[in-house]
Amino acid sequence: MMAADSGATVLETNDDNPKMPDKKKTKFDVIIIGAGPSGYTAGIYCSRAGYDTLILSGILPGGQLVNTTEVENYPGFENGIMGPDLMIEMRKQSQRMGTTIIDDEAVDVDFRRKPLKVLTASEEYEGRAVIIATGANPRKLGLEGEETFGGKGVSYCATCDGPFFRNQELVVVGGGDSAIEEATFLTKFATTVHLVHRRDKLRASKVMQERAFNNEKIKFHWDSAVIDIKGNEKMQQAVLKNLKTNEESTLDVGGLFVAIGHVPNTKLFKNQIDLDDEGYVVLKDKTHTNVEGVFAAGDVHDRSYRQAITAAGFGCMAAIDVDKYLTESADKQE
């Protein structure tokens, strides 16, 4: 089967003048870079508003949710839905609205002049507006067990997965606000939450620290790191090492939550738009970046919520802002 972005083939015909291949379409009203909840939602709204819309899905269509098992907190699914299935449904809905989706990765952009350009390894696309929806990836510990037990005890989102671990002992790795938030949230479900931190004091704000220290369910493991994750079909143990004494210990736990930060996928946009010190897109007004016609949606700028539903909401907002921008741009040209 021919790939969606491989172009057309010459049609066999008995005519004296055979039909030549159709030229690949490269000019669009809106180009969306990324195909998670924010990208697909933006595609639905832009296409439904009548704009010729392209989504470049990247190397992982569906974003982080394709590596997620059951999603219980996305509205509309009484019994939950598997992450990959949710992304397939969003993709189909966006395509039904008329969105062109190409499973290719953007490797460069040029936002310095109009039309805006987005390049893949094989093509150059032009758009009147661009929505950046490339998301962010959680920082990992770099352990083999993370891959082995991903979705089987290892998680990067307490809000998403905490309710699956009722009445179990859990581990949270980290020492910042995110780690303390996750640990505190997990005490609603867990019998004990073991907070493992590489240093002898937390980096979290004083208010967050006091909340954690006053929570009897949180047990602190200072100057320590998780060096191994063990189990059979699911994770069952976390191996800890004290970084000062080199002493190792094993915790029997049902899950491990890694909360050492996220890395926004914005390397592509460096020196093109404003990014903060951690690489997140800086928004100037609603979903606008500092470059006219370039917008952002989802985890690529959102360091606070990082939920499928909020990413989808940002995708909707970006699409509405794009509609207003393109409408006003057209009015100026008349």
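Below or above, wherever it landed, is the structure these notes cover. (Residues numbered from 1 in each chain as written. Predicted model: local features only at pLDDT ≥ 70, side-chain atom pairs only at ≥ 80, totals over all residues. Heavy atoms only, no water.)

## As for the sheet that holds strand β17 (residues 255–258)
Part 1: With parallel pairing, the 5 strands of this open sheet are ordered in space as β10-β17-β11-β12-β13. The open sheet has two edge strands with one neighbour each: β10 (154–155) and β13 (218–221).
Part 2: Here strand β11 (residues 169–173) pairs with β17 via 4 bridges, running parallel. Opposite Val 172, over in β17, you have Phe 257 as the bridge partner. (Pairing = 2+ DSSP bridges. Helix = DSSP H or I, 4+ residues; strand = E, 2+ residues; numbered from the N terminus.)

## Thoughts on the packing of aromatic side chains
Part 1: Enumeration over the complete set of coordinates arrives at 9 aromatic pairs.
Part 2: Relative to Phe 269, the ring of Phe 111 has its centre 6.3 Å away and its plane inclined at 10°; by these criteria the two rings are stacked. Linking Phe 111 in the loop between β6 (108–110) and β7 (116–119) with Phe 269 in the loop between β18 (262–264) and β19 (294–296), this pair joins segments that are 158 residues apart in sequence.
Part 3: Here the aromatic rings of Phe 213 and Phe 220 are separated by 5.0 Å at their centres, their planes lie at 55°, and the arrangement is tilted.
Part 4: Joined through ring pairs, the aromatic side chains of Phe 213, Phe 220 and Trp 222 make up one cluster. (Phe/Tyr/Trp six-rings, centres within 6.5 Å; stacked < 30°, edge-to-face > 60°.)

## Overview of helix α2 (residues 83–96)
Part 1: Given a rise of 1.5 Å per residue, 14 residues ought to cover 20 Å, and the 20 Å separating the end C-alpha atoms of α2 matches this to within 8%.
Part 2: Summarising the contacts, the buried residues of α2 are in contact with α1 (37–48), β2 (53–56), β3 (70–71), β4 (81–82) and β5 (100–102).
Part 3: Positive backbone phi, at 110°, marks Gly 98, one or two positions downstream of α2. (Expected span 1.5 Å × (residues − 1). Contact = heavy atoms within 4.5 Å.)

## Some thoughts on unusual backbone geometry
Part 1: Going from Lys 114 to Pro 115, the amide bond is cis rather than trans, its omega being -5°.
Part 2: By the secondary structure assignment, Pro 115 is in the loop between β6 and β7.
Part 3: The residue Asn 246 is not glycine, and still its phi comes out positive at about 65°.
Part 4: Within the fold, Asn 246 resides in the loop between β15 (235–242) and β16 (248–252).

## Examining the packing of α1 against α2
Part 1: Orientation of α1 relative to α2, taken along the N-to-C sense of each, is 25°, at an axis distance of 8 Å. With respect to their mutual orientation, α1 and α2 come out roughly parallel. Once α1 is placed against α2, the crossing between them reads as left-handed. Here Pro 37, Tyr 40, Gly 43 and Ile 44 of α1 lie close against α2, whose contacting residues are Met 87, Met 90, Arg 91, Gln 93 and Ser 94.
Part 2: Classifying every residue of the contact of α1 with α2 gives 5 nonpolar, 3 polar and 1 charged. (Axes fitted to C-alpha atoms, helices over the stretch in contact; angles between N-to-C directions. Parallel < 35°, antiparallel > 145°, perpendicular 65-115°, else oblique. Left-handed = near helix turned anticlockwise from the far one by under 90°. Nonpolar A, V, L, I, M, F, W, Y, C, P; charged D, E, K, R; others polar.)

## Some remarks on the nonpolar core
Part 1: Counting residues in each nonpolar core, the largest one holds 29 residues, and the members touching the most others are Val 30 and Ile 131.
Part 2: When contributions to this core are tallied by element, the ones reaching two or more residues are β1 (27–33), α1, α2, β8 (124–132) and α7 (308–333).
Part 3: The element that contributes the greatest number of residues to this core is α7, accounting for 8 residues.
Part 4: Of all hydrophobic cores here, the second largest spans 22 residues; its members include Leu 268, Phe 269, Ile 273 and Val 291. (Core = buried A, V, L, I, M, F, W, Y, C linked by side-chain atoms within 4.5 Å. Buried < 20%, exposed > 50% of the residue type's maximum accessible area, 1.4 Å probe, protein only.)

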